[in-house]
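What follows is each chain in one-letter form.
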Amino acid sequence: MTITFITGANKGLGRETARRLVGLGHTVLLGARGPEQGAAAAEALGARFVRIDVTDDASVAAAAADVAAHEGRIDVLVNNAGISGPHGDPAELTGADALGVFDVNVFGVIRTTTAFLPLLRRSSDPVVVNVSSGMGSFALTHDPARVESSVVSPLYTASKSALTMLTTQYAKALKDIRVNAVDPGYTATDLNAHSGPQTVTEGTDAIVRLATEPSDAGTGRFVDRHGTVAW
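Conventions we followed
- Residues numbered from 1 in each chain as written.
- Predicted model: local features only at pLDDT ≥ 70, side-chain atom pairs only at ≥ 80, totals over all residues.
- Heavy atoms only, no water.
- Phe/Tyr/Trp six-rings, centres within 6.5 Å; stacked < 30°, edge-to-face > 60°.
- Helix = DSSP H or I, 4+ residues; strand = E, 2+ residues; numbered from the N terminus.
- Buried < 20%, exposed > 50% of the residue type's maximum accessible area, 1.4 Å probe, protein only.
- Salt bridge = Lys/Arg side-chain N within 4 Å of Asp/Glu carboxyl O.
- Axes fitted to C-alpha atoms, helices over the stretch in contact; angles between N-to-C directions.
- Parallel < 35°, antiparallel > 145°, perpendicular 65-115°, else oblique.
- Left-handed = near helix turned anticlockwise from the far one by under 90°.
- Contact = heavy atoms within 4.5 Å.
- Nonpolar A, V, L, I, M, F, W, Y, C, P; charged D, E, K, R; others polar.

Peer 1: Just checking my understanding: could you explain the packing of aromatic side chains for this structure?
Peer 2: Ring pairs (aromatic) are described by centroid distance and by the angle formed between their planes. Overall, the coordinates contain three aromatic pairs when judged by the stated rule. The interplanar angle of 35° and the centroid separation of 4.6 Å between the aromatic rings of F5 and F116 together place this pair among those described as tilted. With F5 in strand 1 (residues 3-6) and F116 in helix 4 (residues 95-120), this residue pair connects regions lying 111 residues apart in the sequence. Of the residues examined, F5 reaches a relative accessible area of 0% and is grouped as buried. Ring geometry for F222 and W231: centres 6.4 Å apart, planes at 90°, overall edge-to-face. Look at F222 and you get buried, because its relative accessible area is 4%.

Peer 1: I keep staring at the pattern of salt bridges and nothing clicks. Help me out?
Peer 2: Pairing is possible between side chains of opposite charge, provided their charged atoms come close. Within the structure shown, the criterion is met by 13 salt bridges. The partner of D57 in a salt bridge is R111, with the nearest N and O atoms 2.9 Å apart. Pair noted here: D57 is in helix 3 (residues 57-70) and R111 is in helix 4, with a separation of 54 residues, a long-range link. A salt bridge links R178 to D125; the nearest nitrogen and oxygen atoms lie 3.0 Å apart. In this pair, R178 sits in strand 6 (residues 178-182) while D125 sits in the loop between helix 4 and strand 5 (127-131), placing the two residues 53 residues apart along the sequence. On the basis of relative accessibility, which here comes to 28%, the residue D125 falls in the partly exposed class. Bridged by salt links that share partners, the residues D125, R178, E213 and R221 form one connected network.

Peer 1: Which parts of the structure should I look at to understand the packing of helix 4 against helix 6 (residues 154-173)?
Peer 2: Packed helices, taken two at a time, are described by the angle between their axes plus the distance between the axes. Running from N to C, helix 4 and helix 6 point in directions that differ by 20°, and their axes come no closer than 9 Å. As far as their axial angle goes, helix 6 and helix 4 are roughly parallel. The interaxial crossing formed by helix 4 with helix 6 has right-handed handedness. Each of D97, A98, V101, F102, N105, V106, V109, I110 and T113 in helix 4 lies in contact with helix 6, whose residues at this interface are L155, Y156, A158, S159, K160, A162, L163, L166 and Y170. Looking at the contact of helix 4 with helix 6 residue by residue, the class counts come to 13 nonpolar, three polar and two charged.

Below, the structure is given as C-alpha cells:
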C-alpha cells in the first residue's frame, strides 16, 4: 500500500488531495500545523494526523520521527503547505515580509524534504510532489491571455518560481527519487478568498496524477491538469 505524507493538508488543496488519495487506497498521513484542525480533518477523511510546522526545524524533525516510528517509510511526499503573503505595491515590502513567505513556500519544502528523505529512500518507488504555481512562470505571467499576467504579488510569485527551480535541482541530484512540480491552476481556496474559477477537485487533478503515475513517468517536470507548463 502506498503511504503518502501531505503538508498543509487540513484544508484546501491539501485536504482534497488527501481525500482523493484515501479513496484511491493510499495510507494518507495528513500533516498540518494546528492540532485541532488537523486531527478533525484526518478523522473525517480516514487519514492519520501528524503535526508539522514546516517553518520549525524541531517540528519537522518530530514529524519525520513520528512517521518513522509508526509507518517506517513513505512512498510519496506532497509539499503542499504555502502562504500568499502581501499583494500589491512592491515599494511597501519589507525583508521580514519576504522571509515570512519564503520560510513557508521554499525553506519549508527544503526542511521537510531533507527530513523525510531517509523515509522516502525506504520506498521502492519514492516520489516528491512540490505544489508550485503558474504565478511563478515567466511565460504565464507575461501572457496577456492568462490571469497570471494581471496579478501583482511579488513575494508569492518569486517564491513559487524558486520552488520550481528547486524542483529541477532536486530532480537532477536525487537520481533515486522522482521529483516534480505542479501548478494547480486558479482554484477557489482560502489563499485567494475563494475567487478562483476551478474547484478544489480540479485543482488537485495534477497533484493526484503525479502522486499515482507509473515509475517511468519522468522527473524534473512542471505540469498542470492539462499537461506541461512553460516557465
